[in-house]
Amino acid sequence: MTLASDRPDPAAFRRPRLTRSAEGKTALAPAPLEDTAGNAARRSLLDRRAGRLAINVLAVVAGILIWALFTTNGMVGLPTPLEVGRQAVVQAKNGLLWSDAAASLARVSSSFLLGIAVAIPIGFLMGWYRLARAVIEPYVQFFRTIPPLAIIPLAIVTLGIEETPKIFVIFLSSFLSSVVATYQGVVNVDKTLINAARVLGAGDFTIFRRVVVPASLPYIMVGVRIGLGSSWATVVAAELIAAQSGLGFRMQQAQLYYDLPTIFVSLISIGVLGLLMDRVVLAIDGFLTAWQEKL
């Protein structure tokens, strides 16, 4: 039997409030235990994120200093960070940097989104139905072994030299990475969870929606990140197809004149844009897989 005196005081779990003493002084009541623990957890999370951000910044600064050390002393025949920075300012002022970045970003974004939009349903189809897996998987594995550069001549002949072949080549790279990850996520779902759901009377659609999709989300998001990287890695090759703008196009033009600072500006721009998009994907991943324990 639990005595009334042994029960926890409900007042201990209320929000902090202002109290007035007999002398007329105002004081803050003690904070509830659960609120204090929650605030401590949030502060700890913010501290960890701030620490990681500080390390990232220090790593970037250290990399630039090492780059400057090797190039300033003439150890390697590459432009210095100052030369690259000056060229970036010149291109930013005349608008070339912004137009090239916008063109490449538009190609990558549209192709990447189209690729994952097609890859995720097909990956679920392959993982859930063995017949679909037997039919589709040979084609997926076949095209995965063909590099995007080898597709360019065929894309030019069949699709022309406008934006369509560029979009297709980038789409193919993101699609193949995402479809395999989605398929692996579905087939690696713990069968115990599926059997438990069947015992509880869940149908196939409910099992797929409430068990298979959430359990395979970590795999899917890994595939999305890999697909994003593949898209940016392919954009330079895709812009070989009669492009008039884009970071890859600008690099190819600079190569003809041995303009190393311009090449570095385009390289760094691709890396920065890819990094920013990857951070957006990571934020979405953190929201969708908040239930997953991570280091």
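Residues numbered from 1 in each chain as written. Predicted model: local features only at pLDDT ≥ 70, side-chain atom pairs only at ≥ 80, totals over all residues. Heavy atoms only, no water.

1. Some remarks on the packing of helix α3 (residues 96-128) against helix α4 (residues 130-144)
Right, on to step 1. Viewed as axis vectors pointing N to C, α3 and α4 meet at an angle of 125°, and their least axial separation amounts to 6 Å. The angle between α3 and α4 places the two elements in the oblique class. In this structure, the crossing between α3 and α4 has a hand that is left-handed. Contacts between α3 and α4 involve I122, L125, M126, G127 and W128 from the first element and R130, A132, R133, I136, E137 and V140 from the second.
Right, on to step 2. Looking at the contact of α3 with α4 residue by residue, the class counts come to seven nonpolar, one polar and three charged. (Axes fitted to C-alpha atoms, helices over the stretch in contact; angles between N-to-C directions. Helix = DSSP H or I, 4+ residues; strand = E, 2+ residues; numbered from the N terminus. Parallel < 35°, antiparallel > 145°, perpendicular 65-115°, else oblique. Left-handed = near helix turned anticlockwise from the far one by under 90°. Contact = heavy atoms within 4.5 Å. Nonpolar A, V, L, I, M, F, W, Y, C, P; charged D, E, K, R; others polar.)

2. Notes on a nonpolar patch on the surface
Right, on to step 1. Residues I66, L69, F70, V76 and L78 make up a contiguous nonpolar surface patch of about 420 Å² in total accessible area.
Right, on to step 2. Tracing the sequence through the fold places L69 in helix α1 (residues 33-72).
Right, on to step 3. What makes L69 partly exposed here is its relative accessible area of 47%. (Patch = residues over 30% accessible without salt bridge, like charges linked within 9 Å, V, L, I, M, F, W, Y side chains within 5 Å. Areas by Shrake-Rupley, 256 points an atom, 1.4 Å probe, with all protein chains shown as cover. Salt bridge = Lys/Arg side-chain N within 4 Å of Asp/Glu carboxyl O. Buried < 20%, exposed > 50% of the residue type's maximum accessible area, 1.4 Å probe, protein only.)

3. Quick word on the environment of L159
Right, on to step 1. Counting through the fold element by element, L159 comes out in helix α5 (residues 148-159).
Right, on to step 2. Owing to a relative accessible area of 35%, L159 belongs among the partly exposed residues under this scheme.
Right, on to step 3. Beyond its immediate chain neighbours, meaning those up to four positions away, L159 contacts T164, P165 and F168.

4. Some thoughts on the packing of aromatic side chains
Right, on to step 1. On inspection of all chains with the given rule, the structure shows five aromatic pairs.
Right, on to step 2. Ring geometry for W67 and F264: centres 5.5 Å apart, planes at 20°, overall stacked. Placement of W67 in helix α1 and of F264 in helix α10 (residues 260-288) is noted, with a sequence separation of 197 residues between them.
Right, on to step 3. By the ring-pair criterion, three or more aromatic residues cluster together here, those being F124, W128 and F208. (Phe/Tyr/Trp six-rings, centres within 6.5 Å; stacked < 30°, edge-to-face > 60°.)

5. Observations regarding the side chain of S177
Right, on to step 1. In this structure, S177 sits in helix α6 (residues 163-187).
Right, on to step 2. The residues touching S177, leaving out its near neighbours within four places in the chain, are G223, I226, G227 and S230.

6. Some points on the side chain of S178
Right, on to step 1. Within the secondary structure, S178 is located in helix α6.
Right, on to step 2. Residue S178 is classed as buried on the basis of its relative accessible area of 1%.

7. Structural notes on the layout of surface pockets
Right, on to step 1. Its boundaries defined by the atoms lining it, the second largest pocket holds a volume of some 430 Å³.
Right, on to step 2. When contributions to the lining of the second largest pocket are tallied by element, the ones reaching two or more residues are α1, α2 (81-94) and α10.
Right, on to step 3. The element best represented in the lining of the second largest pocket is α10, accounting for five residues.
Right, on to step 4. Class assignment of the residues belonging to the lining of the second largest pocket gives a composition of 10 nonpolar, two polar and one charged. (1 Å grid on protein atoms, 1.4 Å probe; cavity = no way out; pocket = protein on both sides within 12 Å on 5 of 7 lines; lining within 4 Å. Points joined across faces, edges and corners; volume = space filled by probe spheres on them.)

8. Here we look at the nonpolar core
Right, on to step 1. Of all hydrophobic cores here, the largest spans 34 residues; its most connected members are I194, I207, V211, V212, V224, L228 and W232.
Right, on to step 2. Those elements that place two or more of their residues in this core are α3, α6, α7 (191-199), α8 (204-238), α9 (247-256) and α10.
Right, on to step 3. In this structure W232 touches S104, L105, V108, I270, L273, G274 and M277, once residues within four positions along its chain are discounted.
Right, on to step 4. Core analysis: the second largest hydrophobic core is formed by 16 residues, F175, V179, V180 and I241 among them. (Core = buried A, V, L, I, M, F, W, Y, C linked by side-chain atoms within 4.5 Å.)

Read these as geometric descriptors, not functional statements.
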